[in-house]
2 protein chains.
Amino acid sequence: MITVLSGGTGTPKLLQGIKEIVDPEELTIIVNTLENDYFSGVYVSADIDTVLYTMADMINEEVWYGVKDDTFITHERLEEIGCAELLRIGDIDRATKIQKTQLIEKYGLKKACEIQSDKMGIKADIIPMSEENSDIKIVTDIGELEFHDFLIKHRSEPVVEDLKFSKVNPAEGVIEAINNSCAVIIGPSNPITSISPILSLEGVREALKNTHVIAVSPIIGSDAVSGPASKFMKALGIEVSSVGVADLYKDFLDTIVIDDKDSQLKSQLNQIVNKVIITNTHKLL
Amino acid sequence: MITVLSGGTGTPKLLQGIKEIVDPEELTIIVNTLENDYFSGVYVSADIDTVLYTMADMINEEVWYGVKDDTFITHERLEEIGCAELLRIGDIDRATKIQKTQLIEKYGLKKACEIQSDKMGIKADIIPMSEENSDIKIVTDIGELEFHDFLIKHRSEPVVEDLKFSKVNPAEGVIEAINNSCAVIIGPSNPITSISPILSLEGVREALKNTHVIAVSPIIGSDAVSGPASKFMKALGIEVSSVGVADLYKDFLDTIVIDDKDSQLKSQLNQIVNKVIITNTHKLL
């Protein structure tokens, strides 16, 4: 059994590869739910939907969210009538979100994901990190912002000072998946807003200490390959480099995968982790 | 000022004509809200939307609900993933419903209609009969059914025994519109499920007594021209004919418009109302 910890932007591309080489029946993906919230009356779990679409070969590979070749008829009409949506939701994608909203009311998020995953013909287990709302706020130089307001309305431009989110409990199956895995892969998602929320769940760091953990670094040089990762790392006083990433995960990390542009970091990283794999991660990211 | 009392199926076609001859600034349409309810997470006020689309020249004239040339991408996808919608909601139509749901939460239904009507460039006043939920149930030989379950899931097939709905208050402007009108036109909608709910509002029948009221009969011979009107009339022991319709409205009705196929009813109708207009209503219906 292999478990992957996933956010939205960085990890799905890695999953595209993993799903070709790992028996999907032996694969569990634990997905960040930090920024899940209601928009236009539907529950949006952006990272989960991205993972679902990736595993179902439906993902829009240009932006890594939403459905390939989707239309935006409702979205565009909403804008026309003065009710613009913060998130760009396509017509096929909206069906996923309408269904998930209804399923959550009946069964909770975990079971909702299971039903949707089955319907899309996905054999791997996709588990939300939690059934609970994280109530995230980004503290910035222009005040406290909702996550998507920061990301989309303000295009990640304000200076990040801190990140606040409520402590939530792991969904059923999260700790068990880690305990039952011979290896856990931490995908190249934002270490602060995508991976740390999973690590902060009760029991996750402890469980990770007892299995082989491989992290793919989302940083090349001092730049995050996608999303505002470097901004958040800086705000929290973390070095923006693969060393900073390894440091965040050091109490349980065995192997780190970095880009060959960063090969000079090997000896420094070897003081933190057992093994450093140097490869062309920039192709992945 | 002219006021029209409207349901969904019968009256919009009449409105298409009225809006060509009455100055829209002098026109108020009071719309039935009996069957308003939430579907797929959005508030559906079918009759109001039909009136909005009719007045904005957007109505689908084949079925007299929804938007002309609309697509059904989300609707069809929902069916595909095992979450079929009871109502067939198009992609453009869904935007109207998403917006109305949000506007209702903020402002209530009346103001929501006003904002949407303005956005669609409609000059007439479109007022919901009430801001409150009517909580309607159809009592049938197979048990109590929700209105749309009866109409769509059971295709109006069960034998109707009774109709129950809660007493609601008129929206602001309903009584005033009638009081300020030189004539009130009752459209050829279902007298039981579309018009009676409006008439049952506190003060409406009293106000109608003080103005000239013209009803266009929705019955030709002993058949309702659209929808299950005859079924409901029978259930409540009302004669299924224009005479039965006139009888329902007799305490305030001045003029009834009937189809020329029913000209033999003239003398009988003249015992109930002052004036009988015989014309080709079947073209209208």
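Scoring rules and cut-offs
Residues numbered from 1 in each chain as written. Chains lettered and ligands numbered in written order. Predicted model: local features only at pLDDT ≥ 70, side-chain atom pairs only at ≥ 80, totals over all residues. Heavy atoms only, no water. Axes fitted to C-alpha atoms, helices over the stretch in contact; angles between N-to-C directions. Helix = DSSP H or I, 4+ residues; strand = E, 2+ residues; numbered from the N terminus. Left-handed = near helix turned anticlockwise from the far one by under 90°. Contact = heavy atoms within 4.5 Å. Nonpolar A, V, L, I, M, F, W, Y, C, P; charged D, E, K, R; others polar. Phe/Tyr/Trp six-rings, centres within 6.5 Å; stacked < 30°, edge-to-face > 60°. Buried < 20%, exposed > 50% of the residue type's maximum accessible area, 1.4 Å probe, protein only. Lys NZ or Arg CZ within 6 Å of the ring centre and 35° of its normal. Least-squares fit on C-alpha atoms with pLDDT ≥ 70 in both. Arc of directions from axis to C-beta. Pairing = 2+ DSSP bridges.

## Observations regarding the packing of helix α1 (residues 11–21) of chain A against helix α2 (residues 46–55) of chain A
Residue and element names in this part refer to chain A.
And step 1. Viewed as axis vectors pointing N to C, α1 and α2 meet at an angle of 30°, and their least axial separation amounts to 10 Å. Classified by chirality, the crossing of α2 by α1 is right-handed. Contacts between α1 and α2 involve P12, L15, Q16 and K19 from the former and T50, V51, T54 and M55 from the latter.
And step 2. Of the residues that constitute the contact of α1 with α2, the class distribution is four nonpolar, three polar and one charged.

## What about the packing of aromatic side chains?
All names here are of chain A.
And step 1. This structure, assessed with the given rule, holds six aromatic pairs over all chains.
And step 2. Where Y249 meets F252, the ring centres are 6.0 Å apart and the plane angle is 25°; that geometry is what we call stacked. F252 shares its class with Y249; the two are buried.
And step 3. Its end group placed over the ring of F72, R88 keeps NZ or CZ at 3.7 Å from the ring centre.

## Some points on the relation of the copies chain A and chain B
And step 1. The transform that puts chain A on chain B rotates by 180° and translates by 0.0 Å along the axis, for an RMSD of 0.0 Å. Expressed as an axis order, the relation between the two copies is that of a two-fold axis. Every residue of chain A has its C-alpha some distance from the rotation axis, and the shortest such distance is that of G41(A), at 3.3 Å.

## So, helix α2 (residues 46–55) of chain B
Residue and element names in this part refer to chain B.
And step 1. The buried fraction of α2 is high, at nine of ten residues.
And step 2. Taken together, the buried positions of α2 are occupied by D47, I48, D49, T50, V51, L52, Y53, T54 and M55.
And step 3. At the exit of α2 stands D57, carrying a positive phi of roughly 60°.

## Some remarks on the environment of M1(A)
All names here are of chain A.
And step 1. Among the secondary structure elements, M1 is positioned in the segment before β1 (2–6).
And step 2. A C-alpha to C-alpha distance of 28 Å links M1 and K167, two positions 166 residues apart in sequence.
And step 3. For M1, the residues in contact, after removing those within four places along its chain, are E26, L27, T28, N180, S181, C182 and A183.

## Describing helix α5 (residues 109–119) of chain A
Residues and elements named next belong to chain A.
And step 1. Those residues of α5 that fall on the buried side of the exposure criterion are L109, K110, A112, C113, Q116 and S117. Viewed end-on, α5 has its buried residues packed into an arc of 160°, placing them on one side of the element.
And step 2. Those residues of α5 that are buried are in contact with β4 (42–44), α2, α4 (91–107) and β5 (125–128).
And step 3. Just beyond α5, the residue with positive phi is G121, at close to 75°.

## Thoughts on the sheet that holds strand β10 (residues 212–216) of chain B
Residues and elements named next belong to chain B.
And step 1. Here seven strands make up an open sheet; going across it, the order is β5-β2-β1-β9-β10-β13-β14 and the pairing parallel. Of all the strands in the sheet, the pair left with one neighbour each is β5 (125–128) and β14 (275–279). When strand polarity is set aside, the average angle formed by the axes of neighbouring strands in this sheet is 20°.
And step 2. The pairing of strand β2 (residues 27–31) with β5 spans four bridges and is classified as parallel. Across the sheet, the residue bridging to V31 is P128, located in β5.
And step 3. Against the sheet, α2 contacts β1 (2–6), β2 and β5, and its axis sits at roughly 155° relative to β2.
And step 4. With respect to the sheet, helix α8 (residues 191–199) is in contact with β1, β2 and β9 (183–186), its orientation differing from that of β1 by roughly 130°.

It is worth stressing that arrangement in space is one thing and function is another; only the former is reported here.
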